[in-house]
Amino acid sequence: AQSVTQLDSQVPVFEEAPVELRCNYSSSVSVYLFWYVQYPNQGLQLLLKYLSGSTLVKGINGFEAEFNKSQTSFHLRKPSVHISDTAEYFCAVRYQKVTFGTGTKLQVIP
Amino acid sequence: DVKVTQSSRYLVKRTGEKVFLECVQDMDHENMFWYRQDPGLGLRLIYFSYDVKMKEKGDIPEGYSVSREKKERFSLILESASTNQTSMYLCASCPWGATTEAFFGQGTRLTVV
């Protein structure tokens, strides 16, 4: 069985400030990790993924995430957010099926 | 580009009606998924299919069934719609193999009155 925990349901942050969205997972087998973004009234779009190799993964729109096996975490970061980053972000793990966290709403304040 | 198309963006149905949600993908993916998305609950897997005519229950299959007669099409069926099935429904597809991300449709917002 696999599960994903996103502890923060909402994260408000001022424009141009850094942000970290937290994700922890559990699984009895090796899984692959993903971050998706969902803009209002749209489907999900892939931000980045970790498959193997370097634990620091860079994605689109300036986002990056770090895989930490010992802490079973895959936190998402951006050094300077923009208004257009306001969206809901989902962490996911995949072995066969894809399991999602409950999502974090990022609200960027001008 | 991969395209996953859901037949309706918005749908309003009456309690007790039989409802069909259709999803088509154009990339010859083996795997297809149906999720429902509710505030505070994230995406919950209803059913998935890894091949034509094959299906597996997800985490919340009760009240739903699915059909996959062709590789590109995966239908979600609500046999008798109820108000607690009012939700956003998202279809996704991906190739076989865990290293590939899932590609999503735009979603269908279903309201059951």
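Computed from a predicted structure; not experimentally measured. (Residues numbered from 1 in each chain as written. Chains lettered and ligands numbered in written order. Predicted model: local features only at pLDDT ≥ 70, side-chain atom pairs only at ≥ 80, totals over all residues. Heavy atoms only, no water.)

Before going further, it helps to spend a moment on the overall build of chain B. Tallying secondary structure elements over chain B gives zero helices and eleven strands in all. The N-to-C order of helical and strand elements in chain B reads β-β-β-β-β-β-β-β-β-β-β. Here the C-alpha atoms of chain B give a radius of gyration of 13 Å, agreeing with the 13 Å that 2.2 N^0.38 yields for 113 residues. Each principal axis of the C-alpha atoms in chain B carries an extent, and together these give about 40 × 30 × 25 Å. Among the 113 residues that make up chain B, the fraction classed as buried is 49%. Partitioning the contacts of chain B with sequence separation of at least 6, the portion at a separation of at least 24 is 55%. Surface accessibility of chain B: about 5,500 Å² in total, with carbon and sulfur atoms responsible for 50%. (Helix = DSSP H or I, 4+ residues; strand = E, 2+ residues; numbered from the N terminus. Rg over C-alpha atoms; globule rule 2.2 N^0.38 Å. Buried < 20%, exposed > 50% of the residue type's maximum accessible area, 1.4 Å probe, protein only. Contact = heavy atoms within 4.5 Å. Areas by Shrake-Rupley, 256 points an atom, 1.4 Å probe, with all protein chains shown as cover.)

With that out of the way, let us pick up the overall build of chain A. When helices and strands are tallied, chain A shows zero helices and twelve strands. From first element to last, N terminus to C terminus, chain A shows the α and β order β-β-β-β-β-β-β-β-β-β-β-β. Since a compact globule built from 110 residues should have a radius of gyration of about 13 Å, the 13 Å found for chain A is in line with a globular shape. In terms of overall dimensions, chain A has C-alpha extents of about 40 × 30 × 20 Å along its principal axes. Here chain A holds 110 residues, and the buried ones make up 45% of them. Residue pairs at least 24 apart in sequence account for 55% of intrachain contacts in chain A once pairs closer than 6 positions are excluded.

This next bit is on the interface of chain A and chain B. Of the residues lining the interface, 21 residues belong to chain A; the matching set on chain B comes to 27 residues. Around 1,900 Å² of area is buried between chain A and chain B when both sides are counted, 54% of it from carbon and sulfur atoms. Taking the shortest distance from any N to any O, the salt bridge between glutamate 101 of chain B and lysine 49 of chain A comes out at 2.8 Å. Our enumeration of links across chain A and chain B arrives at eight residue pairs in polar contact (both at pLDDT 80 or more). Sorting the residues of the side of chain A that touches chain B by element identifies strand E5 (32-38), strand E6 (44-50), strand E10 (87-94) and strand E11 (98-100) of chain A as the ones contributing at least two each. Per-element tally for the side of chain A that touches chain B: the top contributor is E5 of chain A, with four residues. Class assignment for the residues of the side of chain A that touches chain B results in ten nonpolar, seven polar and four charged. (Buried area = accessible area lost by both parts, 1.4 Å probe. Salt bridge = Lys/Arg side-chain N within 4 Å of Asp/Glu carboxyl O. Polar contact = N/O pair within 3.5 Å; in protein donor to acceptor, adjacent residues only side chain to side chain. Nonpolar A, V, L, I, M, F, W, Y, C, P; charged D, E, K, R; others polar.)

So, about the side chain of serine 73 of chain A. Residue and element names in this part refer to chain A. Along the chain, the position of serine 73 falls in strand E9 (residues 73-78). The exposure class of serine 73 is buried, given its relative accessible area of 3%. Beyond its immediate stretch of four places on either side in the chain, serine 73 contacts Cys23, Asn24, Tyr25, Glu66, Phe67 and Asn68.

Moving on to the nonpolar core. With 28 residues, the main nonpolar core has Leu33, Trp35, Leu47, Leu48, Phe74, Leu76 and Tyr89 of chain A as its most contacted residues. Not counting chain neighbours up to four residues away, the residues in contact with leucine 47 of chain A comprise Trp35, Tyr36, Val37, Gly59, Ile60, Phe63, Leu76 and Tyr89 of chain A. Counting residues in hydrophobic clusters, the runner-up holds 20 residues, among them Leu21, Cys23, Tyr47 and Leu78 of chain B. (Core = buried A, V, L, I, M, F, W, Y, C linked by side-chain atoms within 4.5 Å.)

What follows covers the pattern of salt bridges. Evaluated as defined, the whole model comprises twelve salt bridges over all chains. Of the charged contacts, one joins glutamate 79 of chain B and lysine 18 of chain B as a salt bridge, the two residues approaching to 3.6 Å between their closest N and O atoms. Of this pair, glutamate 79 of chain B sits in the loop between strand E8 (73-78) and strand E9 (87-94) while lysine 18 of chain B sits in the loop between strand E2 (10-13) and strand E3 (19-25); the two residues are 61 residues apart in sequence, bridging distant segments of the chain. Sharing partners across several salt bridges, the network here consists of Glu20, Glu66 and Arg77 of chain A.

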